[in-house]
Amino acid sequence: GLPRSASPLLSQAGIDTIHVGEIGYSKAEDQEILFLAKEKKRVVVTLDADFHTLLALSNATSPSVIRIRIERLKAVAMTKLLLSILPECENDLVKGAVVTVDAHRLRLRLLPLL
């Protein structure tokens, strides 16, 4: 659900970014994406609530997931949003966390979700 064109914008801003579409995972199951992210030590950014649910059900400690709860953001707006929140939660994302971002707040919970 995230704009594919946000990936190069984030990369230009110094964020090591890969869109699932760039690596043939655009139709992958959520569980496959989580497995790959854990293996590659990546953070998943998604519009999908299922990622947080899967992490909670499995008592996982990684990968970290950022869920954006703002619909229809274009690439530039998505990039600005992520660049504004990453400094606030970067250390927790390294440890293992789930972050939910809506129009008015950011909620962060460390993994595992109990």
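Since the structure is predicted, the reported quantities are computational estimates derived from the model, not experimental observations. (Residues numbered from 1 in each chain as written. Predicted model: local features only at pLDDT ≥ 70, side-chain atom pairs only at ≥ 80, totals over all residues. Heavy atoms only, no water.)

With respect to the packing of helix α2 (residues 30-40) against helix α3 (residues 50-58)
In step 1: Closest axis-to-axis distance for the α2/α3 pair is 10 Å, and the angle between their directions is 70°. Considering their axes alone, α2 and α3 lie roughly perpendicular with respect to each other. Crossing hand, α2 versus α3: right-handed. Seen from α2, the contacting residues are Asp30, Gln31, Ile33 and Leu34; seen from α3, they are Asp50, Phe51, Leu54 and Leu55. (Axes fitted to C-alpha atoms, helices over the stretch in contact; angles between N-to-C directions. Helix = DSSP H or I, 4+ residues; strand = E, 2+ residues; numbered from the N terminus. Parallel < 35°, antiparallel > 145°, perpendicular 65-115°, else oblique. Left-handed = near helix turned anticlockwise from the far one by under 90°. Contact = heavy atoms within 4.5 Å.)

So, the pattern of salt bridges
In step 1: Enumeration over the complete set of coordinates arrives at 3 salt bridges.
In step 2: Residue Arg105 is joined to Asp102 by a salt bridge in which the shortest nitrogen-to-oxygen separation is 4.0 Å.
In step 3: For Arg105, a relative accessible area of 53% gives the class exposed. (Salt bridge = Lys/Arg side-chain N within 4 Å of Asp/Glu carboxyl O. Buried < 20%, exposed > 50% of the residue type's maximum accessible area, 1.4 Å probe, protein only.)

With respect to the pairing of strand β2 (residues 65-68)
Along any regular strand the residues' side chains alternate between the sheet's two faces.
In step 1: Every second residue of β2 is oriented toward a common face, with Val65 and Arg67 on one face and Ile66 and Ile68 on the other, all of them buried.
In step 2: Two strands pair when backbone bridges link them, and strand β1 (residues 44-46) and β2 are joined in this way by 3 bridges, in the parallel orientation. Residue pairing for β2: Thr46 is matched across the bridge by Arg67.
In step 3: Relative to strand β3 (residues 97-101), β2 runs parallel, the two sharing 4 bridges. Paired with Val65 across the bridge in β3 is Val98.
In step 4: Chirality of the crossover, the property in question, places the unit of β2, helix α4 (residues 75-95) and β3 among those that are left-handed. (Pairing = 2+ DSSP bridges. Right-handed = clockwise from strand over helix to strand, strands pointing away.)

Concerning α2
In step 1: All of the buried residues in α2 are Asp30, Ile33, Leu34, Leu36 and Ala37. Seen end-on, α2 carries its buried residues on one side only, within an arc spanning 165°.
In step 2: The first or second residue beyond α2 is Lys41, which carries a positive phi of 55°. (Arc of directions from axis to C-beta.)

Concerning the sheet that holds β3
In step 1: On the basis of which strands lie adjacent, the open sheet formed by 4 strands has the order β1-β2-β3-β4 and mixed pairing. The two strands at the open ends of the sheet, each matched to only one other strand, are β1 and β4 (106-110). Across the sheet, the mean angle separating the axes of adjacent strands is 15° when strand polarity is ignored.
In step 2: In the sheet, β3 pairs with β4 via 5 bridges, with the strands oriented antiparallel. Its bridge partner lying in β4, Val99 is registered against Leu108.
In step 3: Running over the sheet, α4 touches β1, β2, β3 and β4 and is turned about 145° from β2.

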